[in-house]
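Topology and contacts: notes
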Amino acid sequence: MGRYAAAFHEALTPFKPHLLMAAWTLFLASFEAWRKEDRESLLADLDKSARGAWTVYLTSGLRLACLEGRPDASALALKCKHQKVGSRRHLQRIRTAYDKILGGVEEGRARMKAIKAEVEGSLDEAAVHAETLREAGPTPKPAAASGPSSPPRPAVADVKSAMSNPRLVHRILLTPASELSELTVDGGPAFAPAPSFAEYDPDAVDEGAGVEERIRAQMRKAYFDNVGAALSKSEAAAAFEEVLSTLVEKVCGLAPNRPDLRSQATKEGTPVERLLAVATVLCMLESPARAPTTQELVSFLGAGDVSPADVVKSLRYLLAKAELASLEVANWRLQLTAPLIRAKGRSYEFSRFVESFGPPPCAEAAALHEWTSAFPSPDRASFQENCVRNLLFARDAARAMPEIFLLDIEHFQRVRRLAQVSSTLCALGVHAGATARANRDALIMGLTALPVQSDVVQACVPDMSEGLVNSVMGGTDAVAKLMAQRVEAFFLSVVSHEATQTVAMKTGRIASQTTDERDVRDEIYEYAKMEAQRRGLGLVAVEVAGEATKLKAIVDHAWSVFSSLIVEPERSGE
């Protein structure tokens, strides 16, 4: 740049037009050469990224094709891995960069096609298939012809069974497609760790268990105490035989096409020998993560010197482990059927609604029509606003829940309770400051208890008078009223938020970019956390953001399924 500055200085002091033109021409030529060189450098780096992205994408496609039809666990794990890494999103970002650098959509498309063809020509499909098969292991052998006939594939055989459970179908529809692999039948975690035999306490009851659960636990304890008493007297306990038979059926039901395992599990002998046989079979059928604790029990039973109390404890432990294994099989079947259910679930829910409340416009759904009749306009925005203002924060306690939300009543109740606790906790935070923030968890426990533990709340904010604490908890305090309004505005903001961005490209085109379902859910959650902080709900930002994200999913799902009954109820009956 120094010589250009010197040339311009010479041309301007004094002014010499011919020298100024020469200096300007030299600068333009140098700048154009630099820009061309920089453009080529950018394109070279982008070409390298595109080759890598196409290699990953095409290789993942070949691997998924190779694993097609393999339901075993190792193959399923590889499928999940390559479905994630084989995403087109990175390719789309590279394509957008090409459009900007090359100055046109067609040029970018042609460049991407050329690189794809180059990568396709260099891929060794045979090597990819061989590597995939090596990672997945050998294909499981089919059941022996002499055994019972093989059941239909779970992804087909279990659809009818799952579709007969409306709550399960609804839960599947509210789950993002990218999280279907984490679905469970009971809604709990996909893998619940089991204690070892030494740590196992068959009579333990959770602290939060209700009266009915505690009564059932006592009845189970009395039943197995009788079994142990009979065994200690060397009597032939019919109850033991009955429970052992149930255990054998549960274990053998994990592999119905293995008559050899059934014969091994039903060997005759002493109670200890029979439990040892069943435990050995269960150890063979359990997942690798669960088998070690069962193997410990096998070693314990095989060592001898087992008391009647240990026999009963072993029986109960094996029953619990067999239940867990059965639940894992059921979860696996559910995860196979979930994509099929999700594909037809919306039409299924609408058809069930029509069966229950008559043909469209479903005149028998009185609560729905009463609720929607008050809408200022039958559109999505009014639907979202009324879900928050007239259902979640309804001033009329006697209002009936619209029939389209009958499967979501528990969630609405949970959010109402959270909203009440949140406004109270944030009001206490305003009054008590750092003291309330330091005792946040204790305050939440006191406010969520039924009935509310006023003494615990008062102890957490000792600087506040009892009258002020009571007015905050009663909702009559001015700050508590303000926080209640902010909580309502927060939920309305999140439910109305749309995770769709309009992007203006340098080429002049306007692109509406919507990310995939998991990214949409994550974006809404992050927006909800920021919105909670902005509205002064920082003490409960994580909790309200999680529930608001779930509530938005419920509201959006209801609109996607039943909007025809709201937008055009007259025409939906034609």
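For the structure, see preceding data.
Residues numbered from 1 in each chain as written. Predicted model: local features only at pLDDT ≥ 70, side-chain atom pairs only at ≥ 80, totals over all residues. Heavy atoms only, no water.

1. Some points on the side chain of Glu 286
Stated formally: Comment: elements are numbered from the N terminus, with helices defined as DSSP H or I runs of at least four residues and strands as E runs of at least two. In protein, a polar contact means a hydrogen-donor-capable atom and an acceptor-capable atom, both N or O and within 3.5 Å, with residues adjacent in sequence counting only if both atoms are side-chain atoms; elsewhere, any N or O pair within 3.5 Å suffices.
One can find Glu 286 in the loop between helix H13 (271-285) and helix H14 (291-302). Within the structure, the side chain of Glu 286 is placed 3.2 Å from the side chain of Lys 321, a separation counted as a polar contact.

2. Digging into the packing of helix H18 (residues 409-432) against helix H25 (residues 541-562)
Worth spelling out the cut-off: A fitted line through C-alpha atoms represents every axis, and for helices the fit uses only the stretch in contact; the resulting angles, taken between N-to-C directions, go from 0 to 180 degrees. Each angle is binned into one of four classes, with values under 35 degrees roughly parallel, values over 145 roughly antiparallel, values of 65 to 115 roughly perpendicular, and all other values oblique. We call a crossing left-handed when the near helix sits turned anticlockwise from the far one by less than a right angle, and right-handed when that turn is clockwise. A contact between two residues is defined here by any heavy atoms of the two lying within 4.5 Å.
H25 packs onto H18 with a crossing angle of 150° between their chain directions and a minimal axis gap of 11 Å. With respect to their mutual orientation, H18 and H25 come out roughly antiparallel. Considering only the axes of H18 and H25, their crossing is left-handed. Of the residues in H25, those in contact with His 411, Phe 412, Arg 414, Val 415, Leu 418 and Ser 422 of H18 are Glu 543, Val 544, Glu 547, Lys 550, Leu 551 and Ile 554.

3. Some remarks on the side chain of His 170
Following the sequence through the fold, His 170 ends up in helix H9 (residues 166-173). Beyond its immediate stretch of four places on either side in the chain, His 170 contacts Glu 349, Leu 407, Asp 408 and His 557.

4. So, the pattern of salt bridges
Formally: The term salt bridge refers to a side-chain nitrogen of Lys or Arg lying within 4 Å of a carboxyl oxygen of Asp or Glu.
This model, assessed by the stated rule, comprises 20 salt bridges. The partner of Arg 95 in a salt bridge is Asp 99, with the nearest N and O atoms 3.3 Å apart. Taken together, the residues Arg 95 and Asp 99, both in helix H4 (residues 89-102) and four residues apart, mark about one turn of the helix. Connected via shared salt-bridge partners are Arg 380, Glu 498, Lys 552 and Asp 556.

5. Points about a nonpolar patch on the surface
Basically, it comes down to this: Patch definition: residues with relative accessible area over 30% and no salt bridge; like charges joined within 9 Å; nonpolar side chains (Val, Leu, Ile, Met, Phe, Trp, Tyr) joined within 5 Å. Under the convention used here, a 1.4 Å probe and the Shrake-Rupley method define accessible areas, while residue burial counts only the protein chains that appear. Whether a residue is buried, partly exposed or exposed follows from its accessible area with a 1.4 Å probe, protein chains only, as a fraction of its type maximum: under 20%, in between, or over 50%, in that order.
Together, Val 211, Ile 215 and Met 219 make up a nonpolar patch on the protein surface, roughly 330 Å² of accessible area in all. Summarising the element assignment, Val 211 is placed in helix H10 (residues 211-232). Of the residues examined, Val 211 reaches a relative accessible area of 63% and is grouped as exposed.

6. Details of helix H15 (residues 308-357)
For clarity, the threshold we go by: In this analysis, the expected span of each helix is defined as 1.5 Å times one less than the number of residues it contains. Consider a residue and the seven residues that end there alongside the seven that start there; fitting an axis to each set, the bend is the angle between those axes.
Its 50 residues give H15 an end-to-end C-alpha distance of only 58 Å, which falls more than 12% under 74 Å, the value for a rise of 1.5 Å per residue. By the largest-angle criterion, Gly 345 marks the main kink of H15, which is about 55°. One or two residues past the end of H15 sits Gly 358, with phi positive at roughly 90°.

7. Topic: the packing of aromatic side chains
The geometry of an aromatic ring pair is captured by the separation of the ring centres together with the interplanar angle, meaning the angle of the planes. Cut-off, in case you're wondering: Ring pairs shown here join Phe, Tyr and Trp side chains whose ring centres sit within 6.5 Å, with only the six-membered ring taken for Trp; geometry is labelled stacked below 30 degrees between planes, edge-to-face above 60, and tilted in between. Put simply, a charge is over a ring when the Lys NZ or the Arg CZ is close to the ring centre, within 6 Å, and near the line of the ring normal, within 35 degrees.
By the definition in use, this model includes 15 aromatic pairs. Here the aromatic rings of Phe 405 and Phe 412 are separated by 5.3 Å at their centres, their planes lie at 65°, and the arrangement is edge-to-face. For the pair shown, Phe 405 and Phe 412 are each scored as buried. One aromatic cluster is present, formed by Trp 371, Phe 375, Phe 383, Phe 405, Phe 412 and Trp 559 through successive ring pairs. Positioned over the ring face of Phe 197 is Lys 313, at 4.7 Å from the centre of the ring.

Any functional reading would require information that these geometric values do not contain.
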